[in-house]
Structure formats: structure tokens, C-alpha cells
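Here is how the chains run, residue by residue.
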Amino acid sequence: MDNKILELEKQCLDAVQYNFPLLKQCNGELVFIAEADSEQLTATAWQFDPQTQALLKQSGVKNALLEMLDTLVAERKHQRIKPNREGRLIIQNGNVELQWLQLGEAGLATYKYA
């Protein structure tokens, strides 16, 4: 795997954690999919309680996370690094982790808050 991509992902995750301290109050995950011909996310499932989802939206964190994921998906696609279409962003008490999933693993239809 390209070290530049790994470094970009690490920098983005570090920046999100630093710039949004309210993530320390959040626990959940965001599952996402980007279609093959799209460099942006085409579907997401937010696995957070309704109050946390509202907080993320009102504070601008939701948009920042979506923009970050769009950037990372686009960069992986440009560099032809797979997986690049599906993933999971896990937030646990301020820690943010990104897991890339193989095609078909996201299964958005099974999620409670999809």
C-alpha cells in the first residue's frame, strides 16, 4: 500500500480528533459506500443514538466527517488502492478509527439507523 495514502488517512483522523473535542462524548460508527463511478459517498448509515446524531449535525462535525471521507475515497480511487468503496468510521470516546471494507461487506440495509 502507498505510504502517502496511509499518512493522509492518519493526518485526517488526527485532525478530526483535534478539531472536534465533542467526539469524546460520542460512541458509534458511520458505515459508508461509494459507487464505482463516483468519487463521493453515495450512501451512509449513522450508527449513533438520535441525540448524538443531532449534536454531530448541529455542530458541523457530520459535514466535516463526510467531506473527509469523500477526500479519502477519491484519493484511494485515484491511486487505484483497494478497498476504496466501502468502509466504517468508528468513534469511541474521542478515538476515531477508519476501517476499509471489501466490496459488499458494508451491508447498509441491515443497520438500524440507515
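See above for the structure.
Summarised in this report is the structure supplied together with it. Every value quoted in this text rests on a predicted model; they were computed, and no experiment measured them.

### With respect to the sheet that holds strand β2 (residues 43-47)
Pairing is antiparallel in the open sheet, where 4 strands are placed in the order β2-β1-β3-β4. Two strands in the sheet have a free side with no partner beyond their single neighbour: β2 and β4 (95-101). Ignoring which end each strand starts from, the neighbouring axes of this sheet average 15 degrees apart. Relative to β2, strand β1 (residues 27-33) is paired through 5 bridges, and the arrangement is antiparallel. The residue of β2 that forms the bridge with I33 is A43. The strands touched by helix α3 (residues 61-78) are β1, β2, β3 (86-92) and β4; relative to β4, the strand with the most contacts, the crossing angle is about 40 degrees.

### Quick notes on the side chain of S38
Tracing the chain through its elements places S38 in the loop between β1 and β2. In this structure the side chain of S38 is engaged in a polar contact, spanning 2.9 Å, whose partner is the backbone oxygen of Q40.

### Things to note about helix α1 (residues 3-19)
In an α-helix, one turn spans 3.6 residues; hence positions three or four apart end up facing the same way. Along its 17 residues, α1 runs 24 Å from first to last C-alpha, staying within 8% of the 24 Å computed at 1.5 Å per residue. Along α1, the residues classified as buried are I5, E9, C12, L13 and V16. End-on view of α1: buried residues confined to an arc of 90 degrees, all on one side of the axis. Exposed residues on α1 whose side chains face more than 90 degrees from its buried face are N3, K4 and Y18. Summarising the contacts, the buried residues of α1 are in contact with α3, β3 and β4.

### Some thoughts on the packing of aromatic side chains
The geometry of an aromatic ring pair is captured by the separation of the ring centres together with the interplanar angle, meaning the angle of the planes. A complete count under the given rule lists 2 aromatic pairs for this structure. When the ring of F32 is compared with that of W100, the centres are 5.6 Å apart and the planes differ by 90 degrees; the resulting orientation is edge-to-face. Residue F32 is found in strand β1, and its partner W100 is found in strand β4; the two are separated by 68 residues along the sequence. Each member of the pair, F32 together with W100, is buried. Across the ring face of W46, the terminal group of K62 is positioned such that the distance to the ring centre comes to 5.1 Å.

### Overview of the nonpolar core
Note on soluble globular proteins: their nonpolar side chains tend to be buried together. One finds L23, L56, L65, M68, L69, L89 and L98 to be the most contacted residues of the largest nonpolar core, which totals 25 residues. At the level of elements, α1, β1, α3, β3 and β4 are the ones that each hand at least two residues to this core. Broken down by element, this core gets its largest block of residues, 6 residues, from α3. What L98 contacts, discounting residues up to four positions off in sequence, is E9, L13, F32, L69, L72, R88 and L89. One finds V31, I33, A45 and A106 within the second-largest nonpolar core, a separate group that totals 5 residues.

Conventions we followed
Residues numbered from 1 in each chain as written. Predicted model: local features only at pLDDT ≥ 70, side-chain atom pairs only at ≥ 80, totals over all residues. Heavy atoms only, no water. Pairing = 2+ DSSP bridges. Helix = DSSP H or I, 4+ residues; strand = E, 2+ residues; numbered from the N terminus. Axes fitted to C-alpha atoms, helices over the stretch in contact; angles between N-to-C directions. Contact = heavy atoms within 4.5 Å. Polar contact = N/O pair within 3.5 Å; in protein donor to acceptor, adjacent residues only side chain to side chain. Expected span 1.5 Å × (residues − 1). Buried < 20%, exposed > 50% of the residue type's maximum accessible area, 1.4 Å probe, protein only. Arc of directions from axis to C-beta. Phe/Tyr/Trp six-rings, centres within 6.5 Å; stacked < 30°, edge-to-face > 60°. Lys NZ or Arg CZ within 6 Å of the ring centre and 35° of its normal. Core = buried A, V, L, I, M, F, W, Y, C linked by side-chain atoms within 4.5 Å.

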